[in-house]
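Fold and geometry: a report
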Amino acid sequence: MRAGRPARAGQYLALLAYLVFLAFPFLWLISTAFKSPRELGDLHPTWIPQDPGLDNFRQAFEEQPLLEAAGNSLIAALSAALIAVVVATPMAFVMARHRSRLTTAATGWVVVSQAFPFVLVIIPLFLILKNLHLINSLPGLIMVYVVWSLPFALWMLVGYVRAVPRELEEAAAVDGAGRLRTLVSVTAPLLMPGLIATALFAFITAWNEFFFALVLLKSPEKQTLPVILTHFIGAEGAADLGPLAAAAFLATLPSLVIFAIIQKRITGGMLAGAVKS
Amino acid sequence: MTLATSKGQSAKKPGQREPGGRKPDFGTWFLVLPALIPILILSVGPLLYGIALAFTDSQSGRTAPTQWTGTLNFADLLHDTLFWDSFRIGLLWAVGVTVPQFLLALGLALLLNQNLRFRWLARALAIVPWAMPEVVVGIMWRLVYNPDAGILNETLRTLGLGEGRDWLTGLATALPAVILVGIWAGMPQTTVALLAGLQNTPHELHEAAALDGAGAWRRFRAVTWPALKPIALSITALNFIWNFNSFALVYVLTSGGPGGRTRLPMLFAYEQAFRYGQFGYAAAMGCVMVAAISVLLAVFLAGRLKGGADK
């Protein structure tokens, strides 16, 4: 529809307002991260750093074990993503192709688990992992992350499996291939883009996760990046703004890059779920 | 949601492509078990364990054995004004975030569905809040709200709108300030979902309606909204639940302060469990939260099924 001129102008104005609203906190974070300590003390802060430098980044690495934390986050997120996809794919295959009581229950669980208040799960998990001596350890956290990312992984993967033409599998079955054989040699290759998108999504979810990591990891050398970031905020809420901004900015970069790559696929998966459910 | 699935299953017709209610055979179990075992051990199990804990006096670091106390925790909860305060704040926060977020996202989605220049920029920017760790979103807004070095107060000063204030620690401003962050953080996800829904609505209907002389509002009411409604309702219900259960964002922004004005139920339960070690009591809170959400979901589902029958 062609809108009139004033309407068009109004639309662009609204778009501009949205852009400003979306962008300004992030721009402010970047600006703060690159400001010199002297400038941060200025009572009239400016948008553009007058004397931009990397001091805040250096200081951030000195104040907190950022590298170790990033390493922990990387190990946790990578393992969780890989295990989640390996474990979820066969189940998603069954859920997409065969309707049974089991798969109905699984679908119900996927939906219901979206509504869990995690506090009801975290206390028992804490006790279980404690008995297994997996508190304050990355393997314990990884186990939790795998299960935690399974619902959405299943949700996405079921959509991808359904998108693979059934006829291809039937043809393989006629040729005498068993179910597993069919899955591995016919469906899996076609699923690859979906598998990668799901893995990347599980990776970001774990990389960004805070609550479980906060409860399950006690010693600083074991903690993940989001937990370490909160150490920059002092007990009284006072914070060294520069290093805080610098560290926060760094912690965001991996998810931003990955998300930019897979955003379209996640939307597709989310929408398929919303429409079908 | 699940109802639709089980319904389709019970209606077993001859010649149906997917016969329902079939017993899983060995091959199925083989494929399902790798996911099922972790789910049972680390998700369903803890959930049931958690419900059981709500009926005990379980505490952390105590040497005396845990005892069953029946419904004592729930009776205590009933009289715990702090809990009901947090519950009320949780509802305020969930409504305060979900509703404006939906309206803004709907506006933005309609806007981005138009043939505007620079709309790619809005889409590109939408990734930022969506992909950011919640902890970073909280930190970022602390920088914005900072009373001395923050951009918000400086902008207000420049515009002559007063000296500004300490938004996150003011009794009156803390909850609205936190709600604004919640809106900001979830808006892109909602927008993108609605936009995808808009792009699924048939274009021809729009053109036909426009030819019939329907104005923009009429076209929205008659064509766009009916097509968008199922997605809009699902997204809103999920957003509401997620917001009610949220933790990290507010933990980083205010830790529930000032004076408990932003203490969401999850923050309260977290404090009870992991600061004061009251596992049983906190589990009871979790049960009450689950019950509340289930009631809301049931009401929502009932409404949706009815809405579906109207068609």
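Residues numbered from 1 in each chain as written. Chains lettered and ligands numbered in written order. Predicted model: local features only at pLDDT ≥ 70, side-chain atom pairs only at ≥ 80, totals over all residues. Heavy atoms only, no water.

By size, the foremost hydrophobic cluster in this structure holds 187 residues, and its most contacted members are A:Leu29, A:Leu216 and B:Trp141. Take this core: its biggest share by element is 17 residues, from helix 7 (residues 138-163) of chain A. Leaving out residues up to four positions away in the same chain, B:Trp141 has contacts with A:Phe24, A:Pro25, B:Leu180, B:Val181, B:Trp184 and B:Leu253. (Core = buried A, V, L, I, M, F, W, Y, C linked by side-chain atoms within 4.5 Å. Buried < 20%, exposed > 50% of the residue type's maximum accessible area, 1.4 Å probe, protein only. Helix = DSSP H or I, 4+ residues; strand = E, 2+ residues; numbered from the N terminus. Contact = heavy atoms within 4.5 Å.)

Detail in the predicted coordinates should be disregarded across regions flagged by low pLDDT. Summing up the model confidence of chain B, the mean pLDDT is 85 and the portion of residues at 70 or higher is 90%. In this model residues 1-20 of chain B is a low-confidence stretch, pLDDT under 50, and it forms 26 contacts with partners more than four residues away in sequence or in other chains. (pLDDT = per-residue confidence, 0-100.)

Okay, the interface of chain A and chain B next. Facing 89 residues of chain A, the contacting portion of chain B comprises 112 residues. Note on chain A versus chain B: buried area summed over both sides is about 9,300 Å², and carbon and sulfur give 78% of it. The interface formed by chain A and chain B contains zero salt bridges. (Buried area = accessible area lost by both parts, 1.4 Å probe. Salt bridge = Lys/Arg side-chain N within 4 Å of Asp/Glu carboxyl O.)

Moving on: the packing of aromatic side chains. Following the criterion strictly, the structure yields 37 aromatic pairs over all chains and no others. Ring plane angle 80° and centroid distance 5.6 Å describe the contact between A:Phe24 and B:Trp141, whose orientation is recorded as edge-to-face. With A:Phe24 in helix 1 (residues 5-33) and B:Trp141 in helix 6 (residues 134-145), this residue pair bridges two chains. Grouping residues by exposure puts A:Phe24 and B:Trp141 together as buried. Taking 5.1 Å as the distance between ring centres and 65° as the angle between the ring planes, the aromatic pair formed by A:Phe118 and A:Phe212 counts as edge-to-face. With A:Phe118 in helix 6 (residues 118-131) and A:Phe212 in helix 10 (residues 211-216), this residue pair connects regions lying 94 residues apart in the sequence. On the accessibility criterion, A:Phe212 (2% relative accessible area) is buried. Three or more aromatic residues link up through ring pairs in this structure, and these residues are A:Phe118, A:Phe126, A:Tyr145, A:Trp148, A:Phe210, A:Phe211, A:Phe212, B:Phe247, B:Tyr251, B:Tyr270, B:Phe274 and B:Phe279. (Phe/Tyr/Trp six-rings, centres within 6.5 Å; stacked < 30°, edge-to-face > 60°.)

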